[in-house]
Amino acid sequence: MPHLVLYYTANLEHDIDIPPLCRALADTMLEIRDENGAAVFPVGGVRVLAYPAAHHAVADGGKAGLEQAHAFSHGAGDYAFIYLNLRMGRGRSAQTHQRIGTALETTLKNTFTPLLEKRPIGVTFQIDEGPEVFDMKLSSLHPLFKKGS
Amino acid sequence: MPHLVLYYTANLEHDIDIPPLCRALADTMLEIRDENGAAVFPVGGVRVLAYPAAHHAVADGGKAGLEQAHAFSHGAGDYAFIYLNLRMGRGRSAQTHQRIGTALETTLKNTFTPLLEKRPIGVTFQIDEGPEVFDMKLSSLHPLFKKGS
Amino acid sequence: MPHLVLYYTANLEHDIDIPPLCRALADTMLEIRDENGAAVFPVGGVRVLAYPAAHHAVADGGKAGLEQAHAFSHGAGDYAFIYLNLRMGRGRSAQTHQRIGTALETTLKNTFTPLLEKRPIGVTFQIDEGPEVFDMKLSSLHPLFKKGS
């Protein structure tokens, strides 16, 4: 924890290079500081996983986009969608949630705002606090960063 | 939001054509009305994403099915499973949840009931209200339908 | 229900054979007993689905691992990560959650502990009780085991 999972329509890969987006999101997570200036997430705990869907259906399937195709440069009838879910541990303050959210929102806007004008696309990003009733971790990642700091 | 995600054993693709199922589920979501006759979901917010698993293990791995192979036309020892999760915003009434659930249940039964007799298969569909502590949306999809209506 | 979903960096497949891991996890779930010695999960309800990510970013992207490459046999700069989430129905006791968790933890340690020393890897396993507001099941799997018992 925390981990950020990207679920998206595979047609998004025509326009967005996903590996650098994953890296930019991870870097943003690494940089987030809380109200006291401390890193919110431990380096070894930052994970971003991206999953293009094998199949999808979005909205009306493209009809409205095709009717307004003049407003887009491409993909007017081939809607794209990405859902990003960040799951993190319980107990951080609402202020910290807001800091995390707005930092990642900025990174997402850098990537997606230019694309929004070109093709019909939906971006949703949400943060959940995990409601887990059992939690287990094994790691040879975390020690790398304890040694280093 | 809302989005409906399908997680399933890849062997299901032998029997079910997943893209039309995604479309049928999206169309059902578009048609659902609340107690006052208003559409429950905005057109631009309806998304269905389908993910066949790369690997899976179900129940006893096929033993019981093979022992009762006479009861099935195929796949007796090759169990299939699909889990559908609809995540939507908080605040709708229990009655609306029920309407959404039963509408999608009908669509699922149309597709899966005939298959249940042919091969061992499990279908689970659940609706969650998102517990998010941060929520962000960007969209050039929604405006398509505001213009159009 | 219950279902266990594995989300992981695809580089894990170099070291771990995922199908037998899925089977071992399912077998563990089948063997778990509650405080009264009864099976916690019905045979036909046990499902494990595994999803390698198409793309990922973990921690600092490999820098710290490369600097400490002498400590690993391979993959020092190519971090691996797996997240396992078990979602099950509400209403079981905290003691039962603990039994389920520790049983699966043992299976996970059997697989991952030897690997932890070889390459930088993170393993997180969590159990959630489903917060669903609607729940539907169709199954020709469950009857196989009712007949058999």
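Enquirer: So what exactly am I meant to see when it comes to the relation of the copies chain B and chain C here?
Expert: Note: a rotation about an axis with an accompanying shift along it relates these two copies of the chain. Aligned on chain C, chain B shows an RMSD of 0.0 Å; the corresponding rotation is 120 degrees and the shift along the axis is 0.0 Å. Read as a symmetry element, the transformation amounts to a three-fold axis. Taking C-alpha positions as the reference, the residue of chain B nearest the rotation axis is tyrosine 51 of chain B, at 4.9 Å. Mapped onto chain C, only 9% of the interface residues of chain B are again interface residues, and the two copies thus contact each other with different surfaces.

Enquirer: What exactly am I supposed to notice about the pattern of salt bridges here?
Expert: When charged atoms on two side chains of opposite charge get close, those side chains can pair. Residues and elements named next belong to chain A. Tallied over the entire structure, the rule returns 21 salt bridges over all chains. Among the ionic pairs, arginine 23 bridges to aspartate 27, the shortest N-O distance being 3.0 Å. Of this pair, arginine 23 and aspartate 27 both sit in helix H1 (residues 18-31), 4 residues apart, which is roughly one turn of the helix. It is possible to trace a salt-bridge network through shared partners that takes in Asp15, Asp78 and Arg119.

Enquirer: How should the pairing of strand S4 (residues 80-88) of chain B be read in this particular structure?
Expert: Looking along a regular strand, one sees side chains alternate from face to face of the sheet. Residue and element names in this part refer to chain B. Counting buried positions along S4 gives 9 out of 9 residues, so the element sits mostly inside the fold. Across 9 bridges, the pairing between S4 and strand S5 (residues 121-129) is parallel. Along S5, the bridge assignment pairs arginine 87 with aspartate 128. Between the parallel elements S4 and S5, the chain passes through helix H3 (residues 94-116) in a crossover that is right-handed.

Enquirer: Explanation requested: the sheet that holds strand S5 (residues 121-129) of chain A in the structure shown.
Expert: Each strand in a sheet pairs with another by means of backbone hydrogen bonds, the pair being arranged parallel or else antiparallel. Spatially, the 6 strands line up as an open sheet ordered S6(B)-S5(A)-S4(A)-S1(A)-S2(A)-S3(C), and their pairing is mixed. Because the sheet does not close on itself, it has two edges, and the strands there are strand S6 (134-139) of chain B together with strand S3 (55-58) of chain C. Across the sheet, the mean angle separating the axes of adjacent strands is 10 degrees when strand polarity is ignored. Contacts from H1 of chain A reach strand S1 (3-9), strand S2 (47-53) and strand S4 (80-88) of chain A together with S3 of chain C, with the element oriented near 25 degrees to S3 of chain C. Those strands touched by helix H3 (residues 94-116) of chain A are S4 and S5 of chain A together with S6 of chain B, and its axis lies near 165 degrees from that of S5 of chain A.

Enquirer: I tried to follow the relation of the copies chain A and chain C on my own but got confused; where do I start?
Expert: Relative to chain C, chain A is turned by 120 degrees and slid 0.0 Å along the rotation axis, the superposed coordinates differing by an RMSD of 0.0 Å. A distinct binding surface is used by each copy, with only 11% of the interface residues of chain A retained as interface residues in chain C.

Enquirer: What's the story with H3 of chain A in this structure? I'm lost.
Expert: Quick reminder: α-helices carry 3.6 residues per turn. Residues three or four places apart thus point the same way. The axis of H3 of chain A is deflected most strongly, by about 40 degrees, at asparagine 110 of chain A, and proline proline 114 of chain A appears within four residues downstream. Thr96, His97, Ile100, Gly101, Leu104, Glu105, Thr107, Leu108, Phe112, Leu115 and Leu116 of chain A are the residues of H3 of chain A that are buried. Where H3 of chain A is buried, its residues touch H1, S4 and S5 of chain A together with S6 of chain B.

Enquirer: In this structure, what is going on with the packing of helix H1 (residues 18-31) of chain B against H3 of chain B? I would like to understand it.
Expert: Residue and element names in this part refer to chain B. Across the interface, H1 lies against H3 with an axial gap of 9 Å and an inter-helix angle of 155 degrees. Relative to H3, H1 is oriented roughly antiparallel. Where H1 crosses over H3, the handedness of that crossing is right-handed. Across the interface between the two elements, Leu21, Ala24, Leu25, Thr28 and Met29 from H1 touch Ala103, Leu104, Thr107, Leu108, Thr111 and Phe112 from H3.

Enquirer: Please explain empty space enclosed by the protein as it appears in this structure.
Expert: Left-over empty space is what a probe sized like a water molecule reveals as it rolls over the atoms. Scanning all chains against the criterion turns up 2 cavities of 30 Å³ or more. Taken as a whole, the largest cavity holds about 40 Å³ of empty space. In terms of lining, the largest cavity is formed by Gly122, Val123 and Thr124 of chain B together with Met1, Arg47, Lys137, Leu138, Ser139 and His142 of chain C. Class assignment for the residues of the lining of the largest cavity results in 3 nonpolar, 4 polar and 2 charged. Of the volumes computed, that of the second largest cavity is approximately 30 Å³. If you go around the second largest cavity, the residues you meet are Met1, Arg47, Lys137, Leu138, Ser139 and His142 of chain A together with Val123 and Thr124 of chain C. Breaking the lining of the second largest cavity down by element, the ones donating at least two residues are strand S6 (134-139) of chain A together with strand S5 (121-129) of chain C. It is S6 of chain A that provides the largest number of residues to the lining of the second largest cavity, a total of 3 residues. Considering only residue class, the lining of the second largest cavity consists of 3 nonpolar, 3 polar and 2 charged.

Enquirer: Please clarify how the interface of chain A and chain C should be interpreted in this entry.
Expert: Accessible area lost upon the coming together of the parts serves often as the stated size of an interface. Taken together, the contact between chain A and chain C spans 35 residues of the former and 43 residues of the latter. Its largest share of buried area at the contact with chain C, chain A owes to Phe134, Met136 and Leu138 of chain A, together 24% of the area lost on that side. Along the contact surface separating chain A from chain C lie 1 salt bridge. In this structure, aspartate 128 of chain C and arginine 87 of chain A form a salt bridge, with 2.7 Å as the shortest nitrogen-oxygen distance. Taken together, chain A and chain C are joined by 22 residue pairs in polar contact (both at pLDDT 80 or more). Residue composition of the side of chain A that touches chain C, by class: 23 nonpolar, 4 polar and 8 charged.

Enquirer: Looking at this structure, how should I read the packing of aromatic side chains?
Expert: Each aromatic ring pair is characterised by the separation of its centres together with the angle its planes make. According to the stated counting rule, one finds 18 aromatic pairs over all chains in the structure shown. Ring geometry for phenylalanine 134 of chain A versus phenylalanine 125 of chain C: centroids 5.7 Å apart, planes at 50 degrees, classification tilted. Of this pair, phenylalanine 134 of chain A sits in strand S6 while phenylalanine 125 of chain C sits in strand S5, on two different chains. Residue class for phenylalanine 125 of chain C comes out buried when judged on its relative accessible area of 1%. Each residue in the set Tyr7, Tyr51 and Tyr83 of chain A, Tyr7, Tyr51 and Tyr83 of chain B together with Tyr7, Tyr51 and Tyr83 of chain C is aromatic and connected to the rest through ring pairs, giving one cluster.

Enquirer: Would you mind showing me how to read the interface of chain B and chain C here?
Expert: Residue-level contacts link 43 residues of chain B with 35 residues of chain C. Here chain B and chain C share an interface that buries about 3200 Å² over both sides, 63% of which is from carbon and sulfur atoms. When the area that chain B buries against chain C is broken down by residue, the three leading residues are His55, Ala57 and Ala59 of chain B, summing to 20%. The interface formed by chain B and chain C holds 22 residue pairs in polar contact (both at pLDDT 80 or more) in total. Secondary-structure elements contributing two or more residues to the side of chain B that touches chain C are strand S1 (3-9), strand S2 (47-53), strand S3 (55-58), helix H2 (63-67), S4, H3 and S5 of chain B. Split by residue class, the side of chain B that touches chain C holds 23 nonpolar, 14 polar and 6 charged. Two strands pair when backbone bridges link them, and S3 of chain B and strand S2 (residues 47-53) of chain C are joined in this way by 4 bridges, in the antiparallel orientation. Each residue of the ladder has a partner; that of histidine 56 of chain B, found in S2 of chain C, is leucine 49 of chain C.

So, how was this worked out
- Residues numbered from 1 in each chain as written.
- Chains lettered and ligands numbered in written order.
- Predicted model: local features only at pLDDT ≥ 70, side-chain atom pairs only at ≥ 80, totals over all residues.
- Heavy atoms only, no water.
- Least-squares fit on C-alpha atoms with pLDDT ≥ 70 in both.
- Contact = heavy atoms within 4.5 Å.
- Salt bridge = Lys/Arg side-chain N within 4 Å of Asp/Glu carboxyl O.
- Helix = DSSP H or I, 4+ residues; strand = E, 2+ residues; numbered from the N terminus.
- Buried < 20%, exposed > 50% of the residue type's maximum accessible area, 1.4 Å probe, protein only.
- Pairing = 2+ DSSP bridges.
- Right-handed = clockwise from strand over helix to strand, strands pointing away.
- Axes fitted to C-alpha atoms, helices over the stretch in contact; angles between N-to-C directions.
- Bend = angle between axes of the 7 residues up to and from the residue.
- Parallel < 35°, antiparallel > 145°, perpendicular 65-115°, else oblique.
- Left-handed = near helix turned anticlockwise from the far one by under 90°.
- 1 Å grid on protein atoms, 1.4 Å probe; cavity = no way out; pocket = protein on both sides within 12 Å on 5 of 7 lines; lining within 4 Å.
- Points joined across faces, edges and corners; volume = space filled by probe spheres on them.
- Nonpolar A, V, L, I, M, F, W, Y, C, P; charged D, E, K, R; others polar.
- Buried area = accessible area lost by both parts, 1.4 Å probe.
- Polar contact = N/O pair within 3.5 Å; in protein donor to acceptor, adjacent residues only side chain to side chain.
- Phe/Tyr/Trp six-rings, centres within 6.5 Å; stacked < 30°, edge-to-face > 60°.

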